[in-house]
Amino acid sequence: MSAQDSIGDENEKEPDFTWEVKANDRDYHRQFKKKAFLCWKGRKYSDNAIRTAKYNILTFLPLNLYEQFHRMANLYFLFVILLQTIPEIATLPWFALLLPLACLLTIRGVRDLVDDIARHRSDQTINGRPCEILLGKSFCKKRWRDIQVGDVVCLHKDDFVPADLLLLASSEPCSLCYVETADIDGETNLKFRQALSVTHKELVNTDKMAAFDGIVVCEEPSSRMHKFVGTLEWKGEKYSLDSEKMLLRGCRIRNTDICYGLVIYAGFDSKIMKNCGKIKLKRTKLDQLMNKLVIIIFVMLVVVSFCLAVAFGFLVVDLQRKHSYLAAFHSSSSPAREAFLTFWSFMILLSIIVPMSLYITFEFIYLVNSCFINWDLEMYYSPLDMPAKARSTSLNDQLGQIEYIFSDKTGTLTQNIMTFKKCCISGLTYGSDENSDESLQAVSLSWNKYADGKLVFYDPKLLIAIREDEDKVVREFWRLLALCHTVMVEEKDGQLVYQAASPDEEALVTAARNFGYVFLSRTQDTITTSELGVERTYQVLAMLDFNSVRKRMSVLLRDPEGTVRLYSKGADTVIFERLRPGCPNEHATEKALDTFAEETLRTLCLASKEVEEEFYQEWSQKYHKASVLLQNRAQALDAVYEDMEKDLNLLGATAIEDKLQDGVPDTIHLLKKGNIKVWVLTGDKQETAVNIGFACRLLSDDMEILEEKEIYGVLEAYWESNNNVRGVRDSGPKLQQQQSKMALVVTGDFLDKLLPRAGEAQSWTKKHSLLTRMGWHYRSQQIQEDLASWRERAFVDLASKCQAVICCRVTPKQKALIVQLVKKYQQVTTLAIGDGANDVNMIKTADIGVGISGQEGMQAVQCSDYALAQFAYLQRLLLVHGRWSYLRISKFLRYFFYKTFASMMVQIWFAFYSGFTAQPLYEGWFLAFYNIFYTAYPVLSMGLLEQDMSAKKCLEFPEFYSVGQKNQLFNYRVFFVALAHGTAVSLVNFYVALWAFDDTAGPGGICDYQSFAVTVATSAMLTVIAEIAMDIKFWTILSILAVSSSVVLYSFLSFLTQNFFIFRLAPTIFQFPHANQNALTEPYVLLVVLLAVVVNTMPSMAIRLLCHITAEPKPGVEISLSRHKSGSQHRRTQSPLPEGLDPPPL
Amino acid sequence: MKRNNCQGLPSRMPDNTAFQQQQLPACRPSLTARAVLPGFFATGVSFLGMGILLILSAKSVKEIEITYTDLCSNCSKLRENASNFYKECTCSIPFFIPEKMPGNVYMYYKLHNFYQNYRRYIISRNNRQLLGEDNTDVENCAPFQRASNDRPIAPCGAIANSMFNDTILLSYYPNSSTGINVPLLSSEITWWTDKHVKFQNPKSSNLSSAFAGTAKPPYWRKPVYQLDQENPENNGFLNNDFIVWMRVAALPTFKKLYRRIHRIQQFADGLPAGNYSLDISYNFPVTVFKGEKGVVLSTATWSGGKNFFLGVAYTATGAMTWLAAFSLMAVHLKLKKKKASFQC
């Protein structure tokens, strides 16, 4: 069942009613101003032109740069570059940092520009759409951008609604107007809107429209799509307005020739625009870790710079006094000042250790990995033409770390295609299992001209009961199904086509139709049906809507005979609560409901009552009063409804089948093998949920299913064991004894009792007894908080020990609460998957929200991070894409930090030999190109293409998913190992060159600074390339290109920056003419480079090999080996299961 | 190929390309013992061989080093006082070469504890001026940009100013009475690229007019166009000693090539064994900052001079690689056996 409003909305405080709209009076609105910026005042009522583009030609550069420098890293480098302009501390040539930063800013700027041009284009087309506005006395063809608040516009069939309009009149009877809201919530069924009858009757022609001067008073623009409360004041009367009279921007007019509307909210004030761009940024664990690491690196730099500067301070005294050739540099300053300047010099010099291009490469990898998800054919659902969609492009790696999945049931595990299976009328059950008795023939429904032939029903008894038409209860039962709903009907090719917001309703109305109670048409006040061939028209007195708190809907009708009747349908608990005492068949129906639930059918209870005329009149006044309220209208209405829905007569119950989606049991099995816990959170009955649990292999027969009583017991025991050692986080011994194969089944009510949230004064019966037993003397409030958090912890501890958890009868809020609890107490990565509006809270709360784009509209998808068409695709999303993304990002991060340290730490060691003067070792151009040309592409190719196992193997052996869950591939340890490795490599590179050059002699004088720089730089670059060549486990042609491009670019760009022509042009910028060429043609230098690279590479390779041969053999490798060896002599390796298949030890 | 679905809209089905489906043909090299260990052994062998070769070739190099800071202590003392700037001081150091130094023999001067890689020192030069383009361009040369009379210094900057200015002559004594000056060449002691492109004299009819209007660096005795009185070609920015000095050293202890032995007459095959002496005109002060100066005579091979580091490092790396390879193999075999026994 689709709950249109999420629950969260209802608790928000009621807004003020300060939005006044006067029809056909543009000047009236112009006088209102609002404060925009300081003393600037803007118009209160915006016009209908929208500008989603951020920049124009003039503002692009400053605004974009301003935005980019909001990032800490960019700001830091800008700061360093500014420092560099001070000549005394400018250690690096100006281009060494400016060039890479400019490159990064340009890349990002171009991306923003492209996005913005696209936005400009779409703004242009949207603002330029034609429409007709009433100007003066007639409608003129204008564009959307010309519309202003208070205008009356005319819309035709299939037009898009240009602004939020109040429907005034339409060409249809009663001024009905049909709209399609696909662009707003993705729901494709038609909805009707209806004008006030006063405007419908009065505004019959253009002149009358032009004379219309009503004033609408309503709330300020808000983002709440389905809320609108206001009044229309016209000719001294007040009329109540609600969202049923509104046409929202973005809807499409259907089946209505012409309609007229008054513009209430235009442009950015419209509901859909208010809903745009409020995406809460979720960040992944790795992302946060990375930011912390960058800060750690920065702190390290400051410390190192400080130490080196202090060392310099001591040295400088010596230099001033003794080194005559240097004394002139320090003639006029104190050592402290010198040291201070040197500190900043080192800050500039060592800033190259902060990985500048990390962020942009990181983002690019995320983007492409998201594209891979969108491109995956295996996750494309052809029946709906629906590929998977990564709506968030920054969470991919977390897909590889999921430990808990919270799944909705209906529409997620099941198809949400409902078929009417069984019913229970006055205690008798009709309908039988098609599987149990195949000899049964489907009943023939050919006698009914309205039957659509889609319903297959096997129990002839029901048909007989209906056709006999003797039992009043049977008649009322079917009548209710034909009357109590919100389905819309359309005629297509002489056939009735039903359009329902929820598939349940459609199934019920269709069933009624096939059994002869046909819903024919609906106007605002009437419903017409054909009951066994007799056409009847009922007058609708009130519709008591469904929502997820009420869990029921009712309709109040006056039947053709003049009696007022109430028909209600809803969840069994709410209906049973409201039955007339002593209602017959209550017990039998309850029993039938249990049987239905066991067969995993969805049940609804039906009830009706006759309402006395007097009571109705009285109630009707209350109802009217409540419905024109501006404040707290919803609550008042609920109370009024409650008055009416009591003392009901039970008619019976319906049972609808909802089939499991394809591949659900396998997927759940696979995910469980991947050490992922799957919890099902559903609004269904406990029995239904448990049976679905069995059907999808979440529960198995050998599991001990814990229910409420046992849970209390276990928690009590847990309490006792933790009694003495308060604050101990471990679970008690008793809990651990029981952890073999348990499953937990709880209901929403139980959760409410167990976990009362802070502030809610709910007494827990156990609390007092426990308290007295404990004999604590704390202040009670504190104890209460302690208790609450303790209970939460105990419950989560217990639940996480279980193999499966099913929570039934939970509200959307509870769903979110459960997710929150698990996140809070287990510190795990969670994923929530759902398809309906009731899953939105949960999807937003979880680390990753997945929306199923299915039958229940798009609300879940629009709040989700990933959209899938089928639950079964989850296995591929997590086990393949998630796994790979995590692997890629982790390897990328490790390598990126390593490569930066390996090549740049040399600067620190060199300081010890250059008198602590922050002399850069490398050529400026090497620094400038290192991160953007020399080493960027191999690591990029690894981040995009790396695979440790093929997709097939990933799905075959889900056990290996646990590396991500345990953060094994990138964590502090890996980082510090990378740091140590990088440091070691830089030490080797530096000292090999140093000792080789120290005191050597040879033709050409190779021990000069430039040759030394070139030697160290070349060894560093080659070492780093060799490392990634070992790191890449998946060599495609692209990886080969990327790796070789590094070497080629190094040679080419060195040649470019070191040739004589360019030296002549700018001798101070290109200071290394032919240094590479001269040094790298010396055999001695080549030997030094070779030695450094080999000394660096060999240990790395040896450790890899050692890990490889000592590690548990990977199944992928093992199997491929055994397949290779499938010759005659190696038969024995072909055991059915390769060894080491067990999940790696925890 | 995009199919159209029933509504005539283009299908949203993703393209089936190898890249988009992440099915690019690829090879997955795995680091198996079988693949890696032979590489280890081969590397070990070649490094051992190379190491031995390097050690042998370094051994074959004949090298003699004479540190003369202490041997010429009177001159050292004299230079500690800047007021003795224009006083000549010469010093003669006899020494003995026990073995013949065959082939090309090179003479280096060696400085110890001299920070040519000091940051402000290293940037204190002007490449444009040294290209001979503009004598007055003294940017970056602080604090040696202009002389007191505001004339631009040529060559400007701290590097040029502190140029090594000892002159070293080598004499051979075939017998105790008569000494022969060993002929020394100062050509081809620089990088070709430095001599021919990086350094150029300003264009003019003669050198002294080319440098008219400039001042000499304060520590210099003679202007730049009079550095070599004997060979007029070897003057100005193209002076070989100057070019060698301007190519700054990476480390505070360094050798710079000073002269080559001209292989004529009795020196055609190198330096014969016997008595020699160095005649040093001692100008360059080093004792103030606890520096040392020395002269190194050395033959050269393809692998540089008498530095054993590289040879030893290669040998050690080769040996370590072998050791690692053997231990890895041992581990591998042991585990393999274990696995095999498991499977049986």
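Please read all numbers here as calculations on a predicted model, not as lab measurements.

Rules used throughout
- Residues numbered from 1 in each chain as written.
- Chains lettered and ligands numbered in written order.
- Predicted model: local features only at pLDDT ≥ 70, side-chain atom pairs only at ≥ 80, totals over all residues.
- Heavy atoms only, no water.
- Helix = DSSP H or I, 4+ residues; strand = E, 2+ residues; numbered from the N terminus.
- Expected span 1.5 Å × (residues − 1).
- Buried < 20%, exposed > 50% of the residue type's maximum accessible area, 1.4 Å probe, protein only.
- Arc of directions from axis to C-beta.
- Pairing = 2+ DSSP bridges.
- UniProt positions renumbered as here; feature names shortened; annotations may be inferred.
- Patch = residues over 30% accessible without salt bridge, like charges linked within 9 Å, V, L, I, M, F, W, Y side chains within 5 Å.
- Areas by Shrake-Rupley, 256 points an atom, 1.4 Å probe, with all protein chains shown as cover.
- Salt bridge = Lys/Arg side-chain N within 4 Å of Asp/Glu carboxyl O.
- Domains from an automatic or database assignment.
- Contact = heavy atoms within 4.5 Å.
- Buried area = accessible area lost by both parts, 1.4 Å probe.
- Polar contact = N/O pair within 3.5 Å; in protein donor to acceptor, adjacent residues only side chain to side chain.
- Nonpolar A, V, L, I, M, F, W, Y, C, P; charged D, E, K, R; others polar.
- pLDDT = per-residue confidence, 0-100.
- Core = buried A, V, L, I, M, F, W, Y, C linked by side-chain atoms within 4.5 Å.

(A) Molecular detail of helix α17 (residues 586-598) of chain A. Residues and elements named next belong to chain A. Between its first and last C-alpha atoms α17 spans 19 Å; for 13 residues at 1.5 Å apiece the expected length is 18 Å, and the two agree. Residues Thr589, Ala592, Leu593, Phe596 and Ala597 constitute the buried set of α17. The buried residues of α17 occupy an angular sector of 140° when projected down its axis, which confines them to one face. For α17, the exposed residues set more than 90 degrees away from the buried face come down to His587, Lys591 and Glu598.

(B) The arrangement of the sheet that holds strand β7 (residues 180-181) of chain B in detail. All names here are of chain B. One open sheet accounts for 4 strands, arranged β3-β11-β6-β7; its pairing is antiparallel. Every interior strand has two partners, whereas the edge strands, β3 (90-97) and β7, have only one. Here strand β6 (residues 167-173) runs beside β7; their pairing, made up of 2 bridges, is antiparallel. Its bridge partner lying in β7, Tyr172 is registered against Ile180.

(C) Structural view of the UniProt feature "transmembrane region" (unreviewed entry) in chain B. All names here are of chain B. Feature annotation in UniProt places "transmembrane region" (unreviewed entry) on residues 35-56 and 308-331, given in this structure's numbering. A helix fraction of 100% and a strand fraction of 0% characterise residues 35-56, whose end C-alpha atoms lie 33 Å from each other. End-to-end, the C-alpha atoms of residues 308-331 are 34 Å apart, and along that stretch the chain is 96% helix and 0% strand.

(D) Seen up close, a nonpolar patch on the surface. A cluster of nonpolar side chains, namely A:Ile295, A:Phe298, A:Val299 and A:Val303, defines an oily patch on the protein surface of about 340 Å² accessible area. On the accessibility criterion, A:Ile295 (53% relative accessible area) is exposed.

(E) Representation of the UniProt feature "binding site: Mg(2+)" (unreviewed entry) in chain A. Residues and elements named next belong to chain A. Cross-referencing UniProt, the feature "binding site: Mg(2+)" (unreviewed entry) maps to Asp408, Thr410, Asp835 and Asp839 in the present numbering. With the annotated positions falling across 432 residues, the maximum pairwise C-alpha distance of 10.5 Å places them together in a single cluster. Mapped onto the secondary structure, Asp408 falls in the loop between β17 (404-407) and β18 (414-425). We classify Asp408 as buried; its relative accessible area is 3%.

(F) Focus on the domain arrangement of chain A. Residues and elements named next belong to chain A. Domain annotation of chain A identifies domain 1 (49-126), domain 2 (147-276), domain 3 (278-354), domain 4 (389-412 + 661-717 + 740-756 + 790-868), domain 5 (422-611 + 640-657) and domain 6 (881-1110). Each of domain 1 and domain 2 has a C-alpha centre, and these two points are 43 Å apart. Each partner contributes residues to the interface: domain 1 has 4 residues there, and domain 2 has 4 residues. Between domain 1 and domain 2, a total of about 330 Å² is buried, with carbon and sulfur atoms accounting for 70% of that surface. Looking only at domain 1, the three residues that lose the most surface to domain 2 are Ala49, Ile50 and Arg51, adding up to 78% of its buried area. Inspection of the domain 1/domain 2 interface yields 0 salt bridges. In this structure, the connection of domain 1 to domain 2 is made through 0 residue pairs in polar contact (both at pLDDT 80 or more). A class-by-class count of the residues in the side of domain 1 that touches domain 2 yields 2 nonpolar, 1 polar and 1 charged.

(G) Layout of the side chain of B:Lys110. Residue and element names in this part refer to chain B. Position of Lys110 among the secondary structure elements: in strand β5 (residues 105-112). For Lys110, a relative accessible area of 14% translates into the label buried. There is a polar contact of 3.2 Å between the side chain of Lys110 and the side chain of Glu65.

(H) Quick look at the pairing of β18(A). Residues and elements named next belong to chain A. Burial of β18 is extensive: 9 of the 12 residues sit out of reach of the surface. Across 8 bridges, β18 lies against strand β28 (residues 649-660) in antiparallel orientation. The partner of Phe420 across the bridge, within β28, is Ile656. In this sheet, strand β19 (residues 428-430) lies alongside β18 in antiparallel orientation, the contact comprising 3 bridges. Within the sheet, the bridge partner assigned to Cys423 lies in β19 and is Tyr430. Hairpin connection between β18 and β19: a loop of 2 residues separates the two successive antiparallel strands, and Ser426 in this loop has a positive phi of roughly 40°.

(I) Looking closely at the interface of chain B and chain A. Taken together, the contact pairs 87 residues of chain B with 99 residues of chain A. Where chain B abuts chain A, roughly 8600 Å² becomes buried across the two surfaces, and 64% of that area is made up of carbon and sulfur atoms. Of all residues in chain B, the largest losses of buried area upon contact with chain A belong to B:Gln22, B:Tyr118 and B:Arg119, amounting jointly to 10% of the total for that side. Counting every contact that joins chain B to chain A gives 3 salt bridges. For B:Arg12, the salt bridge identified is with A:Asp385, shortest N-O distance 3.8 Å. Our count for the chain B to chain A interface comes out at 24 residue pairs in polar contact (both at pLDDT 80 or more). Counting only elements with at least two residues in the side of chain B that touches chain A, the list comes to β1 (26-27), α1 (33-60), β5, α3 (119-122), α4 (127-130), α6 (192-198), β9 (254-261) and α9 (309-343) of chain B. Residue classes in the side of chain B that touches chain A are distributed as 50 nonpolar, 24 polar and 13 charged.

(J) How the structure looks around the confidence of the model for chain A. Residues and elements named next belong to chain A. Here chain A shows a mean pLDDT of 82. Residues at 70 or above account for 87%. Across residues 1-12, confidence stays below pLDDT 50; counting only partners more than four residues off in sequence or on other chains, it has 30 contacts. Within the model, the stretch residues 1114-1146 combines pLDDT values under 50 with 31 contacts to residues more than four positions away or in other chains.

(K) Region of interest: the environment of A:Asp1008. Mapped onto the secondary structure, A:Asp1008 falls in the loop between α36 (972-997) and α37 (1009-1031). With 11 residues separating them along the chain, A:Asp1008 and A:Phe997 place their C-alpha atoms 8.7 Å apart. The contacts of A:Asp1008, once residues within four sequence positions are left out, are B:Trp191, B:Arg247, B:Val248, B:Ala249 and B:Ala250. Polar contacts involving the side chain of A:Asp1008 include one to the main-chain amide nitrogen of A:Gln1010, which spans 3.1 Å. Reaching out from A:Asp1008, the side chain makes a polar contact with the side chain of A:Ser1011 at a distance of 2.6 Å.

(L) View of the nonpolar core. Grouped together as the largest cluster of nonpolar side chains are 214 residues, with contacts concentrated most on B:Tyr121, B:Trp245 and B:Leu271. No other element matches helix α41 (residues 1083-1110) of chain A, which puts 13 residues into this core. Filtering out sequence-adjacent residues up to four positions away, B:Trp245 remains in contact with B:Tyr109, B:Leu111, B:Phe114, B:Gln116, B:Tyr121, B:Ile159, B:Ser162, B:Met163, B:Phe164, B:Phe254, B:Lys256 and B:Phe284. Among the nonpolar cores identified, the runner-up in size contains 52 residues, and A:Val179, A:Met225, A:Val263 and A:Ile264 belong to it.

(M) Broad picture of unusual backbone geometry. A cis amide bond links B:Ala154 with the next residue in sequence, B:Pro155, at an omega value of -10°. Mapped onto the secondary structure, B:Pro155 falls in the loop between α4 and α5 (158-161). A positive phi angle is found at A:Asn675, which is not glycine, with a value near 65°. Residue position: A:Asn675 is located in the loop between α20 (664-673) and β29 (677-681). Look at A:Asn675 and you get partly exposed, because its relative accessible area is 39%. If you check the backbone angles, A:Arg809 has positive phi at about 60° while not being a glycine. Residue placement: A:Arg809 occurs in the loop between β32 (804-808) and α27 (812-826).

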